[in-house]
Structures are given as structure tokens and as C-alpha cells.
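# A structural walkthrough
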Amino acid sequence: MTLVVHILITAVAVWATTALPGITLGDPGDLTQGVADQALTLLVVAVVFGIVNAVLKPVAKTLGCVLYVLTLGLFGLVVNALLFWLTGWLATRLDLPFHVDGFWAAFWGAIVVTVVSSLLHAIVRRVTSVGE
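Cut-offs used in this document
Residues numbered from 1 in each chain as written. Predicted model: local features only at pLDDT ≥ 70, side-chain atom pairs only at ≥ 80, totals over all residues. Heavy atoms only, no water. Phe/Tyr/Trp six-rings, centres within 6.5 Å; stacked < 30°, edge-to-face > 60°. Helix = DSSP H or I, 4+ residues; strand = E, 2+ residues; numbered from the N terminus. Buried < 20%, exposed > 50% of the residue type's maximum accessible area, 1.4 Å probe, protein only. Axes fitted to C-alpha atoms, helices over the stretch in contact; angles between N-to-C directions. Parallel < 35°, antiparallel > 145°, perpendicular 65-115°, else oblique. Left-handed = near helix turned anticlockwise from the far one by under 90°. Contact = heavy atoms within 4.5 Å. Expected span 1.5 Å × (residues − 1).

## Concerning the packing of aromatic side chains
Following the criterion strictly, the structure yields 8 aromatic pairs and no others. On the basis of an interplanar angle of 90° and a centroid distance of 5.6 Å, the ring pair of Phe 49 and Phe 84 is categorised as edge-to-face. Remark: Phe 84 occurs in helix 4 (residues 75-93) and Phe 49 occurs in helix 2 (residues 35-63); sequence separation between them is 35 residues. Here the two residues Phe 49 and Phe 84 agree in accessibility, since each one is buried. Between Phe 103 and Phe 107, the aromatic rings sit 6.1 Å apart at their centres with planes inclined by 35°, giving tilted as the arrangement. A residue pair is termed a helical-turn pair when its members lie 3 or 4 positions apart in one helix, as Phe 103 and Phe 107 do in helix 5 (residues 103-130) at 4 residues.

So this is what it looks like as C-alpha cells:
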């Protein structure tokens, strides 16, 4: 159940990034894509993003350990942006209508994903702890 909640939260966070310039959900000019199609796309992108983070983030942290220390952790923003950009590239390769156009769109998108998912995780934790 925790995995499902995490995927849903990530999907909502990815959806929030589509308000940013350079990040699009759906093909431009395609008016046939409905809400259900967009929701399914967001869920698949959330899963892809989770897999990319699970596999590559520990490798990036290990290889970039010195850069993390030298920049007091700010290099993590670059790593998160690159992972989000890679997710957009993979989504395009999987024929998903989710596009991230460039590093700076990915940079701001990664920040939005981090902030929104952190807030939603905090809310879910608070709600579930009240019910115990």
C-alpha cells in the first residue's frame, strides 16, 4: 500500500511540474487525450521516475560524493535535474506524451517534484498517524 501511495504522490508532483514552461503533458495539438489518458501517463511517468531514482541516484551520489561535499549538497540539485531530464527522455522513448525540454526546465521541475512530494508525504504521514 505504501508503494501505491508513493506512486500516486509522485504522479501528483509530476503533474504540478506541467505548469512550468518547458514541461508538457500531452502532445501539442492533440485534443483527443482525455483526463484518464493523462492520469495514466502521469502514473507511468511516476513509476519511471521512481525506477530512475532507485537505480541511478545511489550511483550518482557515490560517484559524486566529493562534489556533494564541496558544494554543501547543492550538487544534489543538479543530479535531481539530470534524473528528471532523463525521465522525460525515457518517457519520450516509451511513446508517453510527457516532455521535458532542456536542463533548466528539468532543474525547476525537479525542485517542484521535491517540494510537492515532500508536502504530500508529510500530509499523508500526519493523516495516518492521527488514525492510529
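Having put the structure on the table, let's press on.
## Digging into the packing of helix 1 (residues 2-17) against helix 5
Relative orientation of the contacting elements helix 1 and helix 5 amounts to 140°, with a least axis distance of 8 Å. When the axis of helix 1 is compared with that of helix 5, the two are oblique. Read as a crossing pair, helix 1 and helix 5 show a hand that is right-handed. Of the residues in helix 5, those in contact with Val 5, His 6, Ile 9, Val 12, Ala 13, Val 14, Ala 16 and Thr 17 of helix 1 are Gly 109, Val 112, Val 113, Val 116, Ser 117, Leu 120, His 121 and Val 124.

## Concerning helix 4
Between its first and last C-alpha, helix 4 extends 27 Å over 19 residues, near the 27 Å set by a 1.5 Å rise per residue. Looking at helix 4, one finds that the buried residues are Gly 76, Val 79, Asn 80, Ala 81, Leu 83, Phe 84, Thr 87, Gly 88 and Ala 91. Tucked inside the fold, the buried residues of helix 4 contact helix 1, strand 1 (23-25), helix 2, helix 3 (65-70), strand 2 (98-100) and helix 5. Once helix 4 finishes, Asp 95 follows within two positions and takes phi at roughly 60°, a positive value.

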